[in-house]
Amino acid sequence: MDLALLWFGIVGFLFIGYFVLDGFDFGVGMSMPFLAKDDTDKRLLINTIGPVWDLNETWLIVAGASLFAAFPYWYATLFDGFYLALLLILLALIARGVSFEYRRLGKSPRWKAWFDGMIVVGSAVPALLWGVAFANIVQGVAIDESGTYTGSLFDLLNVYAILGGLTTLLLFFTHGVQFVALKTEGEMRERARALAKRSGLVTIVVAAAFLVWTAAQHLDVAHLPLILALAGGAAVALIGSWLANAGGRERWAFGLMATTIALAVGTILAAMYPNVMPSTTDPAFSLTIENASSSTYTLQIMTWLALFSMPLVLAYQGWTYWVFRKRLTRDLIPADAH
């Protein structure tokens, strides 16, 4: 078995899990200005993800640690070229996490408004920048023979990358709004369904443009049929998600949107293969699955650890969602002590 290829798949799976799970967290945070009419509504929205948001973020920690251990050269070049973007993502995640915990401690509306704003910004910034980062990886970046990024920040802000960022932003936003519809009752549920219907149309257009552009950049690769199949599946699932939401079937809408995100990330991974960081300076300088991976011995140890730990993590995650599966209403939100 090619362990480097196996770990490329495992790292991809971890990022898919992160984008699917923390993606709707981002969407809930971004939806607050559109769905919440008062403080009780805001607390209701936060409570929909309260039991799971920190657990969802651990997927990023595990994905990053796996990337560092399995592909250290990819990890080093990624942080070299995307240092500022990744720093902004980290700061946004910290601000969002702090805001969830601290907004309830203040007595004044201004205090809460400040942390509400950080929740929105702390959700929108990662949602946008993750798409920008992965779009640049697919398109290729300026890497020299030593694996060092030689471009600038402005090189990363190209049209294709910005379109990728808008795609993830809209996918996560709609995903989160659908989660609100799935987790609430009453007026909030109806508002969320109506908002998901509107945002879903925009998401379909933007995501279709990004997926078509991604496929068009790889017309000469041998695995183009796989790229087209994944992109086509993502498009079908996205349209199906919109139709399910319009028909009031929140579970189907949410599940199909999760499928959309998974297939969209799969499309990106397939477009990258066999590279992990394509070089626009010279294709010979590109980092591939083979030349960026750790030693065979390291990958063997990691594989055994993954076989033992991943089923436990998945079982615990599933149990958590089962425990907190019930819908929430405004009546369940206790009166604010302040």
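Residues numbered from 1 in each chain as written. Predicted model: local features only at pLDDT ≥ 70, side-chain atom pairs only at ≥ 80, totals over all residues. Heavy atoms only, no water.

Colleague: Any chance you could explain the packing of helix H8 (residues 159-183) against helix H9 (residues 187-216) here in plain terms?
Modeller: Helix-helix packing is characterised by the crossing angle of the two axes and by the distance between the axes. Relative to each other, H8 and H9 sit at 155°, their axes nearing to 8 Å. Overall, the two elements H8 and H9 adopt an arrangement that is roughly antiparallel. Crossing of H8 against H9: the hand is left-handed. Per-class residue counts for the contact of H8 with H9 are 20 nonpolar, eight polar and two charged. (Axes fitted to C-alpha atoms, helices over the stretch in contact; angles between N-to-C directions. Helix = DSSP H or I, 4+ residues; strand = E, 2+ residues; numbered from the N terminus. Parallel < 35°, antiparallel > 145°, perpendicular 65-115°, else oblique. Left-handed = near helix turned anticlockwise from the far one by under 90°. Nonpolar A, V, L, I, M, F, W, Y, C, P; charged D, E, K, R; others polar.)

Colleague: What exactly am I supposed to notice about the packing of aromatic side chains here?
Modeller: We describe a pair of aromatic rings using the distance from one ring centre to the other and the angle between the two ring planes. All chains considered together, the criterion is met by 28 aromatic pairs. Where Phe68 meets Tyr75, the ring centres are 5.0 Å apart and the plane angle is 70°; that geometry is what we call edge-to-face. A relative accessible area of 49% places Phe68 in the partly exposed class. Look at Tyr160 and Phe210: their rings are 5.2 Å apart centre to centre, the planes differ by 25°, and that puts the pair in the stacked class. Here Tyr160, found in helix H8, pairs with Phe210, found in helix H9; they are 50 residues apart in sequence, far enough to count as distant. Taken together, the aromatic side chains of Phe15, Tyr18, Phe19, Phe26, Trp130, Phe134 and Phe172 make up a single cluster linked through ring pairs. (Phe/Tyr/Trp six-rings, centres within 6.5 Å; stacked < 30°, edge-to-face > 60°. Buried < 20%, exposed > 50% of the residue type's maximum accessible area, 1.4 Å probe, protein only.)

Colleague: Please clarify how the pattern of salt bridges should be interpreted in this entry.
Modeller: Overall, the coordinates contain 16 salt bridges when judged by the stated rule. Residue Lys37 pairs with Glu187 through a salt bridge whose shortest N-O separation is 3.1 Å. You can see Lys37 sitting in the loop between helix H1 (3-35) and helix H2 (39-49) and its partner Glu187 sitting in helix H9, a full 150 residues away along the chain. This pair shows no difference in class: Lys37 is exposed, exactly as Glu187 is. In this structure, Arg327 engages Glu185 in a salt bridge whose closest nitrogen and oxygen atoms are separated by 3.6 Å. Note that Arg327 is positioned in the segment after helix H12 (296-323) and Glu185 in the loop between H8 and H9, a separation of 142 residues in sequence. With relative accessibility at 24%, the residue Arg327 sits in the partly exposed group. The exposure class of Glu185 is partly exposed, given its relative accessible area of 33%. (Salt bridge = Lys/Arg side-chain N within 4 Å of Asp/Glu carboxyl O.)

Bear in mind that shape data such as this cannot, by itself, settle questions of function.
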